[in-house]
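Examining the three-dimensional arrangement
Okay, here's what each chain looks like letter by letter:
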Amino acid sequence: MPDGGGCQMLVRAIPNTLEKLAQIGDATAFEPAGDLPESERRGRYQSHSLAECITNVTTPRGKMPVLKTMITTACERNCYYCPFRAGRAKTKRVTFTPDELASALDQMGRAGHVDGMFLSSGIIKGGVTTQDKIIDTAEIVRRKYRYRGYVHLKIMPGSEYDQLYRAMQLADRISINLEAPTQARLEALAPKKEFTRELLNMLMLAAQIRREHPHERLAGSVTQFVVGAVGDTDLELLSLSSRLYQQAGLKRVYYSSFSPVEQTPLENVAANDPLREHRLYQASFLLRDYAWEVEDLPFVGEGNLRLDLDPKRAWAEINLRETPIDLMTAERSQLLRIPGVGPKTADAILRIRRQTHLTDIGQLRKLMRAPEQAAPYILLDGRRPAQQLPLF
Ligand code: SF4
């Protein structure tokens, strides 16, 4: 350790901050930071160790360990599902200054423990004041410590235009969490949040800022829904997701299965089935990456997806069993309707069929991982493929 007054101060300050980080532990376990949210989840909010603040996150820059934490676990709002809601006695309240957090990130980065930061917060003295603290932390991280790692910042309800713009300049990604798909559902989950003014408009504003500054490198936006606590349907969630992909340029929508937290108003509500969350992600990718419309999704009953089949296969069962798609003549958009065919496989099929006739399902093994998924729904040069697939 180098000597000198400043460094000695640092040596005294950092363990204190790291201890506080350990007290927070996995507080952000239900707030994804990267592109594979299901792989980030490790459990309920219960752990209190520094290791629990670090999560391996898949980001646009690759997979990396990220410090996930909060400016404060105190909050003046009372969202019904949240362990940090005002008045919940069981929650230990821990607060950091921006300097403390920035310094801790620098220390952990230099030690090789983390390559990025995800920063959330409870709300104290309003969204604007809290957002200032999040932005101040990122300013110190980027300017004083010249940190170039991945930074994902939460945008607080009620933040202002200039704060949003600055956060987008400092971060790689920003989250504005809608929590629910409609104002009525939000009132049942988080009565002090305003659906349109505080949340939806901010997502649209982020898209507007990107349009106003086309040559600047600005953070992409994501949002999150709490799924399954207040009667929300897949149709509601996916209709809004589709609109947000198209109108707000969202990078990703997170669907976080509701899980009851004791000492909250929803403590006796059953946990959401994680399979429903998985089906929502599958449908969401069809909307975002496969050019599907909400109307294409095979909802049943009151507007939910089947749990026993992935949505693409459920659609194919209804639409392709009797009228399969010929791989030799189909358009790209039709190929993307076939179970097991993603954008890369569709492009490979288009490429290879210019050179050769696809007549045998064995030829597809070079193009896709599981051609047997596609077999019931395709024609090869006008014929149904043989159902018995070669083993090698
Ligand atoms: S504003 Fe955020 S931290 Fe506060 S109670 Fe609601 S969800 Fe929890």
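In this report, the structure presented in the accompanying data block is examined. This is a predicted model, so every value here is computed, not measured. (Residues numbered from 1 in each chain as written. Predicted model: local features only at pLDDT ≥ 70, side-chain atom pairs only at ≥ 80, totals over all residues.)

1. Section: the overall build of the protein chain
Formally: Secondary structure is summarised from DSSP: a helix means a run of H or I of at least four residues, a strand means a run of E of at least two, and numbering begins at the N terminus for each. As a reference, a globule follows 2.2 Å times the number of residues to the power 0.38, and the radius of gyration itself is taken over C-alpha atoms. To assign burial, the other C-beta atoms lying within 10 Å of each residue's own C-beta are counted, with C-beta atoms placed from the backbone; 20 or more indicates buried, 12 or fewer indicates exposed, and intermediate counts indicate partly exposed. Distance between backbone-placed C-beta atoms decides contact: two residues are in contact if it is within 7 Å.
What the protein chain contains, in helices and strands, is 14 helices and nine strands. The globule rule puts the C-alpha radius of gyration for 392 residues at 21 Å, and the 24 Å found for the protein chain is close to it. Overall, the C-alpha framework of the protein chain stretches about 80 × 50 × 45 Å when taken along its three principal axes. Per-residue burial for the protein chain yields a buried fraction of 44% across its 392 residues. Long-range contacts, defined here as pairs at least 24 residues apart, represent 67% of the contacts in the protein chain between residues at least 6 apart.

2. Observations regarding the sheet that holds strand E3 (residues 116-120)
In a beta sheet, neighbouring strands pair by backbone hydrogen bonds and run either parallel or antiparallel. Keep this limit in mind: Strands are treated as partners if at least two bridges between them are detected by DSSP. Helix axes use the C-alpha atoms of the stretch in contact, all axes being lines fitted to C-alpha atoms, and the angles between their N-to-C directions lie in the range 0 to 180 degrees.
Pairing is mixed in the open sheet, where seven strands are placed in the order E1-E2-E3-E4-E5-E6-E7. Looking at which strands have only one partner, the edges of the open sheet turn out to be strand E1 (54-59) and strand E7 (252-257). The average undirected angle you get between the axes of adjacent strands in this sheet is 25°. Here three bridges tie strand E5 (residues 173-175) to strand E6 (residues 220-227), and the two strands are oriented parallel to one another.

3. As for the site of the ligand
Here is the rule we go by: Near residues are defined by distance alone, with the backbone-placed C-beta atom required to lie within 6 Å of the molecule or strand. Gly is placed with the polar residues, together with every amino acid not listed as nonpolar (Ala, Val, Leu, Ile, Met, Phe, Trp, Tyr, Cys and Pro) or charged (Asp, Glu, Lys and Arg).
Lining the immediate surroundings of the ligand are Cys75, Arg77, Cys79, Cys82, Phe84, Arg85, Gly122, Ile123 and Ala190. Here the residues of the shell around the ligand are counted per class, giving six nonpolar, one polar and two charged.

4. A word on the environment of Phe225
Tracing the chain through its elements places Phe225 in strand E6. Classification of Phe225 as buried rests on a count of 25 C-beta atoms within 10 Å. Not counting residues within four places of it along the chain, the set of residues in contact with Phe225 comprises Leu178, Glu179, Ala180, Pro181, Leu237, Tyr255 and Ser256.

5. Looking at the packing of helix H4 (residues 126-144) against helix H5 (residues 161-170)
We count it as follows: Angular relationships are summarised with four words: roughly parallel below 35 degrees, roughly antiparallel beyond 145, roughly perpendicular across 65 to 115, and oblique for the angles in between. In this scheme the handedness of a crossing depends on how the near helix is turned from the far one: anticlockwise by less than a right angle means left-handed, clockwise means right-handed.
Packing of H4 against H5 leaves a shortest axis separation of 10 Å and a crossing angle of 25°. When the axes of H4 and H5 are compared, the pair comes out roughly parallel. Note that H4 runs across H5; the crossing there is left-handed. Between H4 and H5, the residues in contact are Val128, Gln131, Ile135, Ala138, Glu139 and Arg142 and Gln163, Arg166, Ala167 and Leu170, respectively.

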